[in-house]
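# Descriptive structure summary
Chain by chain, the residues run as shown.
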Amino acid sequence: MPRPAEFSFRTRKNYLAQLAQEELDILVIGGGITGAGIVRDAALRGFKVALVERRDFAIGTSSRSSKLIHGGLRYLQQGDVGLVMEAANERRVLRQLAPHLARPIKMIVPVHSRTGYATIRAGLWTFDRMARVEKDERKEMLDGPETLKLEPLLKPQGIYGSGVYYECLTDDARLVIANIKSAAALGAITVNYANVTSFLSDAGRLTAAVVKDTVSGAAFPVRAKLFINAAGPWVDAVRLLQGEGETPKLHLAKGIHLIVRHDRLPLTHTVVMTTSDKRSIFAIPRGEVVYLGTTDTDYKGPFDDPMVEEEEARYLIETANRYFAVDPLTFADIVGAWAGLRPLLHEEGKKTSEISRKDEIMVGSMGLISIAGGKLTTYRKMAERIVGMAALQLAEQGVTMPLQPKGKSEAATLVGGDTGDDVEQFAADLKERWPRVAAEVVERLVATYGSDAERLIEDIAADPELGERCSPELPVTRAEVEFAVREEMAMTLEDFLERRSRLLLWDPNNGITVAPAAAKLMKTMLGWEERRVELELARYRRHVDDTKAFLNGGIDALPKKVAHAG
Ligand code: FAD
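Our subject in this report is the structure included herewith. Since the model is a prediction, treat every value here as computed from it, not as a measurement. (Residues numbered from 1 in each chain as written. Predicted model: local features only at pLDDT ≥ 70, side-chain atom pairs only at ≥ 80, totals over all residues. Heavy atoms only, no water.)

### Description of the overall build of the protein chain
If you tally the helices and strands in the protein chain, you get 18 helices and 18 strands. The C-alpha extent of the protein chain, read off along each of the three principal axes, is 70 × 60 × 50 Å. Taking all 566 residues of the protein chain together, the buried fraction comes to 59%. Put simply, 73% of the contacts in the protein chain that link residues at least 6 apart link residues at least 24 apart. Total accessible area on the protein chain stands at roughly 23000 Å², and carbon and sulfur atoms take up 52% of it. (Helix = DSSP H or I, 4+ residues; strand = E, 2+ residues; numbered from the N terminus. Buried < 20%, exposed > 50% of the residue type's maximum accessible area, 1.4 Å probe, protein only. Contact = heavy atoms within 4.5 Å. Areas by Shrake-Rupley, 256 points an atom, 1.4 Å probe, with all protein chains shown as cover.)

Shown next, in the form of structure tokens:
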């Protein structure tokens, strides 16, 4: 997959100038996974398409998920066969399009009774057949001692056995960026920090969206034949911009995750745990850390940067403490946390956990196409359906697709996706070819940027200054910061540390030790004044503190019950 030659603040400026002048076929509103999938699909079909994101790409729900590409096992429990097959197929496709963003991991489901064992065995057997799981990834059933051998950290008391199956681990924000960059490489315009504040219409049809560039403060109309609202939790807010006659449709459900150091909970595999109220939650090891999640509760608070509550954290910690043979975890062990909002469609009389996770398309009276619900896992298929529908509407307006599309959505690899199936082998080959670049730097770059790592490594080998570390204890190099600014449109320190490098989550110090060097480099590249550097650093520190504000509630407060919906 070709990359855009540059995808930076300069590109952004040019894109904004283009947006002010040209009429588009489609304007996509929202730069989460839904919008990113749509803009890529539309660009592949040859449409003149743009995407605008109010803050940074992936800043909403799409950087706050459990980061699993589900094969669809959980939909089997809900009896939704169609969704099982779709999720399983999408998982296969994504493993081809971006192998580094869909890495298979073993999931262990410990059970404590013969009945539990039989239920899991039947469920996994059905799933293997229904989802056409490859032979070497089919379920395994283990007895008690085998289970403890596979995951020695489990408490041995009462373990009857376990079921083992596979899911894929992704990085949600990186998946968004990969789709955005792929779309840009195909000619789409994709801009962050560009907020749709209102619509213009003529004769009952939308003709333009007023977009505010929140960096310069300038606002201007962007004309398009069709508008697609992929604003996640903000879908209703954007729908209501059309004016009278629209009613809110969303039901937001909050989910949180906690991060602890891996040496505090040294798991070798992902464990599926059952909570006191019979929900399944995960403990997922990832490099230096393990994360626990998630919860599923009604949400009514502010949509930007939802906060983790103390009771929610306690609920997860208590469940983990029932499963693992380590000194009980306390709030003092939590090094990070995140909270996200599921944009589900309200279903009368249904509790949060009963609401379908299926996507739904709504068409407004003035033609605005809105999409809500859905999953990270099925984003590509969802995009295909929406752009298919958009294509029909555009055809009615006389816009036809070129005979020769630029590629097929299920076959065109994503930017960074050219590692081949075996990502570890790809990294091993690079290590052999570039022995002067530290092995841990190569590993980090491949895990984060896939095949794009190759060029970063070549750059480091050619210019050792680029290989300088931003912090002595981490394999994060100068090259990575420069890459984020030059080729991933990082505009703030938080963009780099949270959504490009993911250090906020996967570094137990939340990227704090990297921040000063990264800010200094960004200053040179983005032309910041010294004051801006101080501001960015202070903002980032405050942001890190905010993600863990619930810890100030005190470790010893009495447990309260979390009101889970089911
Ligand atoms: P978002 O990512 O929120 O994107 C919407 C974007 O629109 C935002 O970035 C916002 O800033 C922007 N926007 C809003 N208003 C405007 C405006 N006026 N102008 C311009 N831009 C605007 N799915 C899975 O498949 N696997 C999982 O493991 C998984 N785990 C999850 C765990 C949790 C706790 C949660 C909450 C969800 C999980 N999901 C999972 C679901 C998945 O994360 C979501 O379905 C998906 O991320 C939604 O993406 P989105 O693009 O629709 O919304």
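### Considering the packing of helix H12 (residues 439-449) against helix H13 (residues 453-462)
Relative to each other, H12 and H13 sit at 145°, their axes nearing to 9 Å. Classified by chirality, the crossing of H13 by H12 is right-handed. Where H12 abuts H13, its residues Val441, Val442, Leu445, Val446 and Tyr449 lie against Ala453, Leu456, Ile457 and Ile460. Its residues assigned to classes, the contact of H12 with H13 comprises nine nonpolar, no polar and no charged. (Axes fitted to C-alpha atoms, helices over the stretch in contact; angles between N-to-C directions. Left-handed = near helix turned anticlockwise from the far one by under 90°. Nonpolar A, V, L, I, M, F, W, Y, C, P; charged D, E, K, R; others polar.)

### Section: the environment of alanine 453
Along the polypeptide, alanine 453 turns up in helix H13. When its relative accessible area of 0% is taken as the criterion, alanine 453 is described as buried. For alanine 453 and glycine 416, which are 37 residues apart along the polypeptide, the C-alpha to C-alpha distance reads 7.8 Å. Residue contacts for alanine 453: discarding those within four places in its chain leaves Leu445 and Val446.

### Remarks on the layout of surface pockets
Unoccupied space between atoms shows up once a probe the size of one water molecule is rolled over them. Here the second largest pocket defines a volume of roughly 1200 Å³. Along its surface, the second largest pocket is lined by 40 residues, and Arg286, Gly287, Glu288, Glu443 and Ala447 are the ones closest to its centre. Residue classes in the lining of the second largest pocket are distributed as 16 nonpolar, 10 polar and 14 charged. Summarising the domain contributions, the lining of the second largest pocket has at least three residues from each of domain 2 (73-167 + 253-350) and domain 3 (423-550). (1 Å grid on protein atoms, 1.4 Å probe; cavity = no way out; pocket = protein on both sides within 12 Å on 5 of 7 lines; lining within 4 Å. Points joined across faces, edges and corners; volume = space filled by probe spheres on them. Domains from an automatic or database assignment.)

### As for the packing of helix H2 (residues 33-44) against helix H10 (residues 379-396)
The N-to-C vectors of H2 and H10 enclose an angle of 55°; their axes lie 8 Å apart at closest approach. For the element pair H2 / H10, the angle class is oblique. By crossing handedness, the relation of H2 to H10 is classed as right-handed. Two secondary-structure elements touch here, H2 through Ile33, Thr34, Gly37, Ile38, Arg40, Asp41 and Ala42 and H10 through Tyr379, Arg380, Met382, Ala383, Glu384, Ile386 and Val387. Across the contact of H2 with H10, the residue classes tally to eight nonpolar, two polar and four charged. (Parallel < 35°, antiparallel > 145°, perpendicular 65-115°, else oblique.)

### Considering a negative patch on the surface
Taken together, the side chains of Asp421, Asp422, Asp429 and Glu432 make up a negatively charged region of the molecular surface. Within the secondary structure layout, aspartate 429 lies in helix H11 (residues 423-433). Judged by its relative accessible area of 37%, aspartate 429 falls in the partly exposed class. (Patch = residues over 30% accessible without salt bridge, like charges linked within 9 Å, V, L, I, M, F, W, Y side chains within 5 Å. Salt bridge = Lys/Arg side-chain N within 4 Å of Asp/Glu carboxyl O. Lys, Arg positive; Asp, Glu negative; His and termini not counted. Charge placed at Lys NZ, Arg CZ, Asp CG, Glu CD.)

### Here we look at the environment of methionine 141
Along the chain, the position of methionine 141 falls in strand E5 (residues 140-143). Owing to a relative accessible area of 19%, methionine 141 belongs among the buried residues under this scheme. Residues methionine 141 and threonine 207 lie 66 residues apart in sequence; the distance between their C-alpha atoms is 58 Å. Residue contacts for methionine 141: discarding those within four places in its chain leaves Tyr117, Ile120, Arg121, Leu124, Glu146, Ser162 and Gly163.

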